[in-house]
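Structure assessment
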Amino acid sequence: MINFILMVNKQGQTRLAQYFQFLSVKERMTLEGELIRKCLSRNETQCSFLEHRGYKIIYRRYASLYFIIGMDLEEENEMAYLEFIHNLVETLDKYFENVCELDIMFNIEKAHYILEEMVMNGQIVETNKTQILAPIHVLDKAKDE
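Where an unreviewed UniProt entry is consulted, the chain appears under the name AP complex subunit sigma, with the organism given as Paramecium primaurelia. According to the UniProt record, the Subcellular location (unreviewed entry) comment for the chain reads "Endomembrane system". Here the chain is described in UniProt, under the heading Sequence similarities (unreviewed entry), as follows: "Belongs to the adaptor complexes small subunit family."

Details of the environment of C100
In this fold, C100 is placed in the loop between α2 (78–96) and α3 (101–106). Note: C-alpha distance between C100 and Q11 (89 residues apart in sequence) is 15 Å.

Describing the pairing of strand β3 (residues 49–52)
Here β3 shows one buried face, formed by L50 and H52, and one open face, formed by F49 and E51. Examined bridge by bridge, β3 and strand β4 (residues 55–62) share 4 bridges and lie antiparallel to one another. By the bridge assignment, H52 is partnered in β4 with Y55. What sits between β3 and β4 in their antiparallel hairpin is a turn of 2 residues, with R53 showing a positive phi close to 50°.

Definitions and cut-offs
Throughout this document, residue positions are counted from 1 along each chain, in the order its sequence is written. Residues qualify for local features only when their pLDDT is at least 70, as the model is predicted, and side-chain atom pairs are given and counted only at 80 or more; totals for whole chains, interfaces and linings, by contrast, use all residues. In computing side-chain values, all of the structure's heavy atoms are included and hydrogens and water are not. UniProt positions are given in the numbering used here, feature names are shortened, and annotations may be inferred rather than shown by experiment. Segments assigned H or I by DSSP are reported as helices when at least four residues long, segments assigned E as strands when at least two residues long, and all are numbered from the N terminus. For every residue, the accessible area (1.4 Å probe, protein chains only) is compared with the maximum for its type, and the residue is labelled buried under 20%, exposed over 50%, or partly exposed between those bounds. The criterion for strand pairing is that DSSP finds at least two bridges linking the strands in question.

This is the structure in structure tokens:
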């Protein structure tokens, strides 16, 4: 089960955070700070998987953003979650047409909506980009009219 998903820039600023398990704001800030320092300090030749505070951490860097997933230690298929990160980036890229950090910052509600269409209660429920983006396109059309 996925416990949290973070999008962080290279300066260590969290751009999007989605938690599927309750943590207090103080715990979230502490956890994010520790994870950001750990992930940003690793070089590209190191593995994208690590364990931290009882979580299995899977991360991947795309351009200036780090996508970080924290999940239960019992989960076994890290590669599937790495592929999920790639699918998330492709879906964001398809919607925003070459997504960048500013797209996430200025359209945070749409980024959250895309993430919520893909993950529900910590479980991946949809990976089809067309299915994920269909409701957002309907909302965009209604807004334009």
